[in-house]
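# Analysis of the macromolecular model
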Amino acid sequence: MSNREIISTEAMLRGFEYTGDNLFTFQEWKNRGYSVKKGEKAFLQTSIWKRTTKKDKDGKEVSKMFMTKASLFTIDQVQSLN
């Protein structure tokens, strides 16, 4: 299951229509020029896939995927940094 499918399913269970651009992590909102409003709690917490790259003992880079907890916020919970 992809991250988009995981988030979509979790959002649907909460009655939220996930469009792919209305629910992001704190860091992703920051990258897009927004900040999470003070005092806001995550709308959704779920486990998603994250990629990491490490060097093995031979010095080759090895990419791995693992599940990690993500806190997601809606557009109503953020404000523009501009």
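Quick notes on the rules
- Residues numbered from 1 in each chain as written.
- Predicted model: local features only at pLDDT ≥ 70, side-chain atom pairs only at ≥ 80, totals over all residues.
- Heavy atoms only, no water.
- Helix = DSSP H or I, 4+ residues; strand = E, 2+ residues; numbered from the N terminus.
- Buried < 20%, exposed > 50% of the residue type's maximum accessible area, 1.4 Å probe, protein only.
- Patch = residues over 30% accessible without salt bridge, like charges linked within 9 Å, V, L, I, M, F, W, Y side chains within 5 Å.
- Areas by Shrake-Rupley, 256 points an atom, 1.4 Å probe, with all protein chains shown as cover.
- Salt bridge = Lys/Arg side-chain N within 4 Å of Asp/Glu carboxyl O.
- Contact = heavy atoms within 4.5 Å.
- Polar contact = N/O pair within 3.5 Å; in protein donor to acceptor, adjacent residues only side chain to side chain.

Along the polypeptide, Thr-19 turns up in the loop between α1 (3-13) and β1 (23-25). With relative accessibility at 40%, the residue Thr-19 sits in the partly exposed group. C-alpha separation for the pair Thr-19 and Arg-4, spaced 15 residues apart in sequence, amounts to 9.5 Å.

Together, Trp-49, Met-65 and Met-67 make up an exposed nonpolar region whose accessible area comes to about 280 Å². Positionally, Met-67 belongs in strand β4 (residues 61-74).

Here we take up the environment of Arg-51. Structurally, the position occupied by Arg-51 is in strand β3 (residues 44-55). Residue class for Arg-51 comes out exposed when judged on its relative accessible area of 57%. Sequence separation between Arg-51 and Met-67 is 16 residues, and the spatial gap between their C-alpha atoms is 8.9 Å. The contacts of Arg-51, once residues within four sequence positions are left out, are Ser-63, Lys-64 and Met-65. There is a polar contact of 3.1 Å between the side chain of Arg-51 and the side chain of Ser-63.

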